[in-house]
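# Understanding the architecture of this molecule
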Amino acid sequence: MTIDFYWRLPTHGCHGSIRHGAYDRGDWSPLGPGNIAPGLDRNGEDDGFRYIDHLAEIAKAAESAGFIGGLIPSFPNTDDPWVISPLLARDTKTFRFMIAFQPGFLNPVHAARMSASLQRATGGRTVFNIITGGGGPAQLWWGDSFSHDDRYGRTTEFLDVFKGVWKETNFSYQGQFYQVEDGGLSPLLAREEIPEIWFSGSSDAALQSASKHADYYLSWLEPFDQLTDKFARVKERTAALGGEQKCAVRVDLVARPTEEEAWRDIRLGFENVGDQRRRQGRGGATDSVGAARQQALRPSEATRYEDLIVAPNLWGGFNLLRGGPALGIVGSYEQCAARLDELIARGTDAFILAGTPHLEEAYRVGEEVLPLLGRKADLLLDAAE
Amino acid sequence: MTIQTYWQIDVAAEPARSEISARGTAHGLFRDVRTSALNRYDYYAQIAQAAAQTAFDGVFLPHRRQSDDAAIVAAAIAREVPRIDLIAEFPASAGSAVYAAKQAVSFQRLARERLGWSIAPPLSAEERVRDGDRVADEDLIARTEEFLTVARGVHGEHPFSHAGRFFEVRGGGFEAPLNRVPFPRIFLQGESEEALALSARSADVHLFAAQSFVSLRSQIEALDALALREGRTVDFGLAQPVLAREDGDEACRDAARAAIGEFALVGDYDDVAARLAELARLGIRYFVLSAPSSLEEAYAVGQHILPRVRVLSEQLRAAA
């Protein structure tokens, strides 16, 4: 058995270091000395590089370092994965583009055509991370006025139609949200594989939808016992509904040659976060159940980085250092590998990893951590001590 | 007035070219080492490169339901042709206007502000239900108009709110750095009165179908009057098939073989260039030129016709 490891393409700029909060890669920071993509040329003017040029570097690094592909997240102030993926399609060879998107935003027949076209552009390297929860005021920003549970119903119907027009000719469907008569993709498009589907969403409505259509159930990292229970529940519940579910974890790593070096970077990063920003945390209102579970870990009270160590090599303050989930793995290469091995033993079938900066860390994690997996990393650890 | 010349990449034309899996088993004597890794995307990129090398200003990708999505193709070839415009056509039924605007903004940011949008002419009612589109015939124009209003709204204003018949947004609009790029130029089509009226209200460019000089002139006058009433300026474009050869007889022979349409411009290089210059004089500013064989004809037109047209329009400008 092998495990698929994805990396992440940061779609909101990238920090040059986990120690500092500045997005100095991309144009989310002002154009100035030390910024890249765009940066300044020798005359002090925009050098003409765009953020996609940096994303191409990260995708190629991940591809070269052994990752099967990368998650491309989507939020109101990010670049869009449906544009990034085809832009990079012909620059990469094996890198799979995991497109995060909310199905309600596209007509499912049009989405099927776009997807089959992207499969043809990439040689079958499209993967979907279907997002349905999200919500709160952000949904209306996107132009979506459906309620949380209705959105899951819509996601299910979307995927019914998406797969239906792809797999069948003369496909008809009468749903609450979508109706199609006599539809179907042309033979040129229909012979492509339907992209693998990754689901996120912790609510009951989400699991019901996942059991029908998802290949992978994706969770942020949670404390290991909690995550083990969650995966067991997902697998059991979807099996009862007639589905089969693999489980995947999305987690950031700070992997260094020694544990001391890893924690030093965390300490410096933590100290660079102002008190006020620490109290505010990041992220806004949402009706996502997953986000609420993570917020329970929110480190607004912490005064020392050590306050946020929730278990060996598990630190709950990542959301202070960059947008996204709170909990991540910190340690030596061997320790990081041991934690990932433990997650595999507890039912994790695939991973989306990330580290800051995304470019350099793709090589580091791919070269230093991934090769240690499954090689009884615990024994390596003992030997190292 | 500078004219813009775009070359059409028809994703559904010449379906067997570069599409190895469409050719069936080869029984030839030659050793065929091509694999299915080679497909039309290689050809699309090659046509775009041909258009760029022969000094077209851009490529125009019509929406074709049976083939690759034009927006995906435009993005897939964008980094190989870093300077020319990329006009991608899609139907207004594609989905959320906000999401379409978001994708356009990313495209503009990442591919250097070269995107144009062409909204595909409405499909028949039968085709629409096949495509999961429930909007009735009489609402199509209104939907396209609202789609563009909302897409432009979230692009241009923050916060933008809208509660319409087809789209609802609250507190929408982009923040920095997403709000720094221009909205794509909008191309609309159609010869009906309603289509012209919609263009008068919403298009940047109205793309006329190839037709007789006389009827084109009356369409242009009609649209001009409508736009004037709206207090807007709409540029005129023309989707024009061409077939040009070194001598006119060859051109006629090849046009007959290719069964090229009634209103195609067929002739020797000087003839075709002169006809295009006449159309420019009539007010056409955007030419979407096309021919049955995209790659070879891009060279024929780009190398031989466009330089002549540029000289003619230079003379025209000097005379004016």
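A brief structural summary. What you are looking at is a predicted structure, and each value in this text was computed from that prediction instead of being measured. (Residues numbered from 1 in each chain as written. Chains lettered and ligands numbered in written order. Predicted model: local features only at pLDDT ≥ 70, side-chain atom pairs only at ≥ 80, totals over all residues.)

## Side note on the overall build of chain A
Helix and strand counts for chain A stand at 15 helices and 13 strands. Here the C-alpha atoms of chain A give a radius of gyration of 21 Å, agreeing with the 21 Å that 2.2 N^0.38 yields for 385 residues. In terms of principal-axis extent, the alpha carbons of chain A reach across some 65 × 55 × 40 Å. Residues classed as buried in chain A amount to 53% of the 385 residues present. (Helix = DSSP H or I, 4+ residues; strand = E, 2+ residues; numbered from the N terminus. Rg over C-alpha atoms; globule rule 2.2 N^0.38 Å. Buried ≥ 20, exposed ≤ 12 C-beta atoms within 10 Å, placed from the backbone.)

## Things to note about the interface of chain A and chain B
At the interface, 43 residues of chain A touch 44 residues of chain B. Listed by contribution, the elements that provide at least two residues to the side of chain A that touches chain B are α1 (51–65), α2 (81–89), α3 (108–122), α4 (137–141) and β6 (179–183) of chain A. Among the elements that line the side of chain A that touches chain B, the one with the most residues is α3(A), at nine residues. Each residue belonging to the side of chain A that touches chain B can be placed in one class, and the counts come to 23 nonpolar, ten polar and ten charged. (Contact = placed C-beta atoms within 7 Å. Nonpolar A, V, L, I, M, F, W, Y, C, P; charged D, E, K, R; others polar.)

## A few points about unusual backbone geometry
Note: most peptide bonds trans; most residues except glycine with negative phi. In this structure, the amide linkage connecting T356(A) to the following residue, P357(A), adopts the cis form with an omega of -5 degrees. Along the chain, P357(A) falls in the loop between β13 (350–354) and α14 (358–369). Residue A176(B) is joined to P177(B) through a cis peptide bond whose omega torsion reads 0 degrees. Position of P177(B) among the secondary structure elements: in the loop between β6 (168–172) and β7 (185–189). We note that R112(B) has phi near 65 degrees; this positive angle belongs to a residue other than glycine. In this fold, R112(B) is placed in the loop between α3 (97–110) and β4 (115–119). For E113(B), which is not glycine, the phi torsion reads 55 degrees and is therefore positive. Within the secondary structure, E113(B) is located in the loop between α3 and β4. We classify E113(B) as partly exposed; it has 13 C-beta atoms within 10 Å.

## Quick look at the pairing of β6(B)
In terms of strand pairing, strand β5 (residues 160–163) of chain B meets β6(B) through three bridges, oriented antiparallel. The residue of β6(B) that forms the bridge with H162(B) is V169(B). (Pairing = 2+ DSSP bridges.)

## Here we look at helix α7 (residues 213–230) of chain B
All names here are of chain B. For α7, spanning 18 residues, the distance from its first C-alpha to its last is 26 Å, which sits close to the expected 26 Å at 1.5 Å a residue. Looking only at α7, the buried set comprises L216, L223 and A227. Looking straight down α7, one finds its buried side chains confined to an arc of 35 degrees; they lie on one side. Turned more than 90 degrees away from the buried face of α7 sit V214, S218, E221, A225, L228 and R229, all of them exposed. For α7, the secondary structure elements touched by its buried residues are α6 (193–202), β8 (205–209) and α9 (269–282). Immediately beyond the C-terminal end of α7, within one or two residues, lies G231, with a positive phi of roughly 70 degrees. (Expected span 1.5 Å × (residues − 1). Arc of directions from axis to C-beta.)

## Describing the pairing of strand β1 (residues 4–8) of chain B
Looking down a regular strand, the side chains alternate between one sheet face and the other. Residues and elements named next belong to chain B. The element β1 is extensively covered by neighbouring structure, given that four of its five residues are classed as buried. Summarising the sheet, β1 and strand β11 (residues 284–290) pair through four bridges and their orientation is parallel. Opposite T5, over in β11, you have F287 as the bridge partner. Relative to strand β2 (residues 58–61), β1 is paired through three bridges, and the arrangement is parallel. Residue W7 lies in a different strand from β2, and its bridge partner there is V59.

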